[in-house]
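Residues per chain, in single letters:
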Amino acid sequence: MNPQQITFLLLTLAAFGFFGRTVSRILKIFMLTRRESRFDRIPERIRTTLLVALGQTKLLKRPLAGLFHALVFNC
């Protein structure tokens with residue numbers, strides 16, 4: 001193995017280590033949450049999803065950020 005390969009191997013191992021640590025921290029946060037039924041109030045959930053995703057209603061809550069988002073989203 002030449003020095004370039006060793007460097008690449010060490011950087012790859014470090015990247016996987018950081019990735020694993022990040023995933024572990026996120027999973028710990030998820031494990032603290034409680035289970036919730038997502039199959040109740042289906043019509044309301046569908047309506048909210050359509051309003052937020054297609055209607056972009058959250059853009060109206062912060063007008064300046066919403067304007068810039070709309071410009072990027074529509075261009």
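Residues numbered from 1 in each chain as written. Predicted model: local features only at pLDDT ≥ 70, side-chain atom pairs only at ≥ 80, totals over all residues. Heavy atoms only, no water.

A word on the overall build of the chain
Tallying secondary structure elements over the chain gives 3 helices and 0 strands in all. Scanning the chain from its N terminus toward the C terminus, one meets helices and strands in the order α-α-α. The C-alpha atoms of the chain give 22 Å as radius of gyration, which overshoots the globular expectation for 75 residues (11 Å, by more than 25%). In terms of overall dimensions, the chain has C-alpha extents of about 60 × 40 × 20 Å along its principal axes. Expressed as a percentage of its 75 residues, the buried residues of the chain come to 3%. For the chain, the exposed surface amounts to about 7500 Å²; the carbon and sulfur share of it is 70%. (Helix = DSSP H or I, 4+ residues; strand = E, 2+ residues; numbered from the N terminus. Rg over C-alpha atoms; globule rule 2.2 N^0.38 Å. Buried < 20%, exposed > 50% of the residue type's maximum accessible area, 1.4 Å probe, protein only. Areas by Shrake-Rupley, 256 points an atom, 1.4 Å probe, with all protein chains shown as cover.)

Some points on the confidence of the model for the chain
Should pLDDT be low for a region, the predicted coordinates there are not to be read in detail. Of the residues in the chain, 96% reach a pLDDT of 70 or more, and the chain-wide mean stands at 87. Mean pLDDT across the elements of the chain ranges from a minimum in helix α3 (residues 63-74), with 77, to a maximum in helix α1 (residues 3-32), with 96. (pLDDT = per-residue confidence, 0-100.)

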